[in-house]
Amino acid sequence: MKKQEIFMIGNAHLDPAWVWSWQEGSCEAKATIRSALDRMNEFPDFKFVCSSSSVYQWIEDFDPAMFEEMKKRIAESRFIIVGGWKVQPDCNLPSGENFARNSLYSQRYFFEKFGKTAQVGYNVDSFGHNAMMPQILRKSGMKYYVYMRPMEWEKSMKNNIFTWEAPDGSQVTAFRINEMYCKNFNTMEELENYLADCSKFYGGTEFMGYYGVGNHGGGPTIKNIQLINEYNAKEDAPFRLNMADPVAFFEKYKKENELPVLKEELQHHASGCYSAVSEIKKVLRKGETKLTAAEKFSVLADLLIGKAYDRKEMQKGWENLNFLTFHDILGGCCVKSAYDDSLYMGYESVSIAEKQKNSALQSLSWKIDTTDKTHGLPIVLFNSHSFDVEEVIEINANAASLKDVNGNDVPFVNVPSEPAPVFERDNAIFKAKVPAMGYAVYYYQPSVYFNQIITSDAYKGKASDPLALENEYLKVEFAENGNVKSVFDKKTGRETLCGETQSVVIDETEHDTWSHGRNYFDKAIGEFVAQKVEKIESNEIREIIKVTSVYGASTLVQYYTLNVGEEFVRVRAKLNWNEKHKMLKLAFPVACDAPTSLYEIPFGTVERPCNGEEESALMWAMVGDKTSGLAILNDCKYSYSAKDNVLSLTAIRSPIYCDHGRVRNEESNYTDQGLHEFAYAILPATTEEKSKIFQKALILNTSLGVVLENHHAGTLPLTYKGMSVSADNVTVSAVKRSEDGTGYVVRAYECDGKATRATISVNGLSALETQFSPYEVKTFFCKDGVWEEVLFTEYKE
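The following paragraphs examine the structure supplied in this document. (Residues numbered from 1 in each chain as written. Predicted model: local features only at pLDDT ≥ 70, side-chain atom pairs only at ≥ 80, totals over all residues. Heavy atoms only, no water.)

A few points about the overall build of the chain
We apply this condition: Where helices and strands are cited, they refer to DSSP runs of H or I of at least four residues and of E of at least two residues respectively, numbered from the N terminus. Within these notes, the globule rule equals 2.2 Å times the number of residues to the 0.38 power, and the radius of gyration is based on C-alpha atoms. Here the term buried applies to any residue with accessible area under 20% of the maximum for its type, exposed to any over 50%, and partly exposed to those in between, with areas from a 1.4 Å probe on protein chains only. Note on contacts: a residue pair qualifies if any of its non-hydrogen atoms lie within 4.5 Å across the two residues. Per-residue and other accessible areas follow the Shrake-Rupley method at a 1.4 Å probe size, with only the shown protein chains counted as cover for residues. Think of it this way: Lys and Arg go in the positive column, Asp and Glu in the negative one, and His and the chain ends go nowhere. Lys charges are placed at NZ, Arg charges at CZ, Asp charges at CG and Glu charges at CD.
Broken down by element type, the chain carries 13 helices and 44 strands. Over its C-alpha trace the chain gives a radius of gyration of 28 Å, about what one expects of a compact globule, namely 28 Å for 797 residues. Burial statistics for the chain: of 797 residues in total, 63% are counted as buried. Sequence separation of 24 or more characterises 72% of the internal contacts of the chain that already satisfy a separation of 6 or more. Entry remark: accessible area of the chain is about 28900 Å², with carbon and sulfur atoms responsible for 47%. Taking the average location of the 88 positive side-chain charges in the chain and that of its 110 negative ones, the two points are 3 Å from each other.

Dropping the structure here:
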């Protein structure tokens, strides 16, 4: 009797942090790898798969001799590299650029140390998978994908082995694990039952069986392997169990079977993880945006003044963030003590980015010729974006006059700075325009009132409605209860809202930290009630209304700011949150006839039904149609919901740390207690204006850099444009030096779902003209003036 071949994949799911610290996780890596190598010595047919470059790096550091043993087994194709990333990340919340760096540093590490890279994407415990993953995997050098969640009860699928296609057309062969990523069978009956269950799950075809001890490491046991060998000795057994490499399974299965094609995201599992533990999500976003800006400024300094680009520091910053994307860490479901340790990595990345940025900006500004003293002291403003930016700037200086580079007067206002312990000084605010990936110089004459406290009343120079904000684009009206009741778009003549906004409090007592099996947060029990609504600033540059609201033991202070020349309302929120098992949603009823909801995902967008289900997003989400709508941008939040025409931003939630709903008592640690600060923005936009939304969200997340200079000689001009992109729907996510130090790398993606031909020009390098498919991301390597498309790894495909 011919037996059906089953591919048994020995593995150890090793969570670097969860109900333990990452330090303990690194310790368990040693024991796990030692165990796997010992099994290879004992059983000549045994093979072991291992993901996550962090594990390999720990072994290299802790035990060089064991690392050499690993290298030998890798060369024999018995110790098998999978995953291609630092960790098994959350596959919804990291930015596209973060995914690219995970591939860049980990795949290059694997190639440099072992002469090979991972071919199999491997995220067996991650909580859902965004629609761009097939493209991200292919451009990371991986053409196969193994995952488990969402499981059958969360997302029923006709086929669990299939071709998965991204919106740009990229494809990978995907395999959904049945039952468990580490099946630890200890009797023949357990093994036979497992095989029978898997055969049914995969429709009687060949499949992979994932076995071993996992979560806290471990790997296949002697008993596991003995049972596999005993099973193979049984003449009447229906299967032949082959301890194998996943690639062998994929190659054979593809050759012998016609695979169905799936063109959608793989959701949902643990939707509470989109909003659990705000601080880890905030430090990730700040790290991502600050590092990409620092790299662009460092390239600018390299090209203009020959300043050395510090690749090692940039890599260190990114690898910290790559580690923090681990699904339990970023998902907010670790124990509290694990965050106390993990957050240090994130703040180190932010610090690295700030230091690298400051070094570049100070070096550049010092080389600008500012000898002309006619107009006052120079202010150098830097723009890291790939498009020109007009933005209201606040400088920490009191001005008597303000001029542009040509000596023209620039409208400005002095406003109070935040209180200082010893003295206060006013800040000057003005609207500036700065070229793409470049800089512009403005001038100010210091005021004689420098360091003198002046009340804001002195600058409320025009009569205005105390319950409204208005500029040339928008009129925003507030109800007496502090809710926004109208956002009128002057350009279109349309009202954006169809009712008042609300700050809704949700009871989530029935939800655990992950929110297992509960994807809807809709049990409203109250809302924040305004105690005070006041216009605190009104001048020709901006207007600000401050709304102070309370609910229970919590206070929410929101500063709504409408700047001159901006099409969106900025909101700075200070939330003192002291609620337990509750969630805060900021709800916006949108005036549109046929509402649909769009969400930013890595390198693109996805449309989802307006059914109230909790959904992940990056910098923005929107509800609208082709003629009207509203986008809500954010600077550190990742969770939204859309019910009919109401779009809600999840501001915070407070389950118990790492709560599976089993033990709750007075000693439990609740997440996100205390003070939180975040920003969001209200932007009228239609579903046809995705490019605009992307740009405004990037501006919200990364402001212009400011250097208050003095007069000195220099070789650089007073203004400089370092980049141009011919199409608004092409977003540049990275400009950096190549990892081999011989050239430059530019990464860009099409963000509007339209096939586009675009020219990207970086001053100092030759122009690049290329064709983008809808939502396609491309990486280009420039060496000696010649551009070549490469993978995220900066290797050729």
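Next comes the rest of the description.
Quick look at the sheet that holds strand β30 (residues 611–616)
For clarity, the cut-off: When DSSP finds two or more bridges between a pair of strands, those strands are recorded as paired. Angles here are taken between N-to-C directions and fall from 0 to 180 degrees, while the axes themselves are lines fitted to C-alpha atoms, restricted in helices to the stretch in contact.
Spatially, β22-β21-β27-β34-β33-β30 is the arrangement adopted by the six strands of the open sheet, whose pairing is antiparallel. Edge positions in the open sheet fall to β22 (524–527) and β30, since each of these has one partner strand only. In this sheet, neighbouring strand axes are inclined to one another by 30° on average, regardless of whether the strands run parallel or antiparallel. Where strand β33 (residues 639–643) lies against strand β34 (residues 646–653), four bridges are found, and the strand directions are antiparallel. Residue pairing in the sheet places Ala-642 in a bridge with Leu-647 of β34.

Things to note about helix α6 (residues 188–201)
The test is simple: The length a helix should cover is 1.5 Å for every residue beyond the first.
For α6, which comprises 14 residues, the first-to-last C-alpha distance of 20 Å matches the rise-based estimate of 20 Å (1.5 Å per residue) to within 8%. Against β1 (4–10), β7 (171–176), β8 (208–211), α7 (222–232) and β9 (239–243) lie the buried residues of α6.

Overview of the packing of aromatic side chains
When we look at a pair of aromatic rings, we describe it by the centre distance and by the angle of the planes. The condition is simple: We call Phe, Tyr and Trp rings a pair once their centres come within 6.5 Å, taking the six-membered ring for Trp, and we label the pair stacked below 30 degrees between planes, edge-to-face above 60, and tilted otherwise. Look at NZ for Lys and CZ for Arg. If either is within 6 Å of the ring centre and within 35 degrees of the ring normal, a charge sits over the ring.
On inspection of all chains with the given rule, the structure shows 43 aromatic pairs. Aromatic side chains Trp-85 and Phe-99 sit 5.6 Å apart centroid to centroid with 55° between the ring planes, which places their arrangement in the tilted category. Taken together, the residues Trp-85 in the loop between β3 (79–81) and α4 (96–114) and Phe-99 in helix α4 connect sequence positions 14 residues apart. Considered together, Trp-85 and Phe-99 belong to a single accessibility category, that of buried residues. Each member of the aromatic cluster is reached from another via a ring pair, and the members are Phe-7, Tyr-122, Tyr-144, Phe-175, Phe-201, Tyr-202, Phe-207, Tyr-210, Phe-239, Phe-249, Phe-250 and Tyr-253. Stacked on the ring of Tyr-559, the Lys or Arg Arg-572 has its end atom at 4.4 Å from the ring centre. The ring centre of Tyr-744 lies 4.4 Å from the NZ or CZ of Arg-737, which sits over that ring.

A word on the pairing of strand β21 (residues 502–507)
The buried count for β21 comes to five of six residues, which makes it a mostly enclosed element. As paired elements, β21 and strand β27 (residues 582–589) share six bridges and run antiparallel to each other. When the sheet's bridge partners are listed, Ile-506 is paired in β27 with Met-583. For β21 and β22, the ladder comprises three bridges, and the chain directions are antiparallel. Of the residues in β22, the one forming a bridge with Val-505 is Gly-526.

Some words on the nonpolar core
Put simply, the rule is: Buried Ala, Val, Leu, Ile, Met, Phe, Trp, Tyr and Cys residues form a nonpolar core when they are joined through side-chain atoms within 4.5 Å.
Core analysis: the largest hydrophobic core is formed by 169 residues, its most contacted members being Tyr-56 and Phe-175. Considering each element in turn, this core owes the most residues, six residues, to α6. When sequence neighbours within four positions are dropped, the list of residues in contact with Phe-175 reads Tyr-145, Val-146, Tyr-147, Asn-160, Ile-161, Tyr-202, Phe-207, Met-208, Tyr-210, Phe-249 and Phe-250.

Points about the sheet that holds strand β38 (residues 723–725)
The strand order across the open sheet formed by three strands is β38-β41-β42, and the pairing between neighbours is antiparallel. Edge positions in the sheet fall to β38 and β42 (768–772), since each of these pairs with one other strand and no more. Between one strand and the next, the sheet's axes are offset by a mean angle of 15°, whatever the strand orientation. Bridging between β38 and strand β41 (residues 756–762) involves three bridges; their strand directions are antiparallel. In the sheet register, Ser-724 faces β41, and the bridge partner there is Ser-761.

Details of the pattern of salt bridges
The following threshold applies: The salt bridge criterion pairs a side-chain nitrogen of Lys or Arg with a carboxyl oxygen of Asp or Glu, the two atoms within 4 Å.
Counted according to the given criterion, the structure contains 51 salt bridges. Linking Glu-68 and Lys-71 is a salt bridge whose minimum nitrogen-to-oxygen distance equals 3.8 Å. Taken together, the residues span about one helical turn, with Glu-68 and Lys-71 both in helix α3 (residues 64–75) at a distance of three residues. Note that Glu-179 and Lys-183 form a salt bridge whose closest N and O atoms lie 2.7 Å from each other. Salt bridges linked by common partners bring Lys-491, Glu-567, Glu-689, Lys-692 and Lys-696 together as one network.

Topic: the side chain of Asn-563
For the record, the criterion: Residues adjacent in sequence count toward polar contacts only when both atoms are side-chain atoms; beyond that, a polar contact is any pair of N or O atoms within 3.5 Å, and within protein one must be able to donate a hydrogen and the other to accept it.
Relative to the helices and strands, Asn-563 resides in strand β25 (residues 554–563). Its relative accessible area of 5% is what places Asn-563 among the buried residues. A polar atom in the side chain of Asn-563 sits 3.1 Å from the side chain of Glu-566. Not counting the four nearest positions on each side in its chain, Asn-563 is found in contact with Val-392, Asn-471, Ile-541, Arg-542 and Arg-570.

Thoughts on the pairing of strand β24 (residues 542–551)
Across the 10 residues that make up β24, a large majority, eight, are buried. Where strand β23 (residues 529–538) and β24 come together, eight bridges link them in antiparallel fashion. Its bridge partner lying in β24, Glu-537 is registered against Ile-544. Note: β24 against β25, 10 bridges, orientation antiparallel. Residue pairing in the sheet places Thr-548 in a bridge with Val-557 of β25. The turn joining β24 and β25, which pair antiparallel and follow one another in sequence, is formed by two residues; a positive phi near 55° is taken by Gly-552.

Quick look at α4
The end-to-end C-alpha distance of α4 is 27 Å, a good match for the 27 Å that 19 residues give at a rise of 1.5 Å each. Most of α4 is tucked away: 16 of the 19 residues are buried. At the C-terminal side of α4, Gly-115 shows a positive phi close to 75°.

With respect to the packing of α3 against α4
To keep it simple, the criterion reads: Angles are sorted into four bins: roughly parallel if under 35 degrees, roughly antiparallel if over 145, roughly perpendicular if 65 to 115, and oblique for all others. Throughout this entry, Asp, Glu, Lys and Arg are counted as charged residues, while Ala, Val, Leu, Ile, Met, Phe, Trp, Tyr, Cys and Pro are counted as nonpolar. The remaining residues, Gly among them, count as polar.
At a closest axis distance of 11 Å, the pairing of α3 and α4 adopts a crossing angle of 90°. Taken together, the axes of α3 and α4 are roughly perpendicular relative to one another. Contacts between α3 and α4 involve Phe-67, Lys-71 and Ile-74 from the first element and Tyr-109, Lys-113 and Phe-114 from the second. For the contact of α3 with α4, the class distribution of residues is four nonpolar, no polar and two charged.

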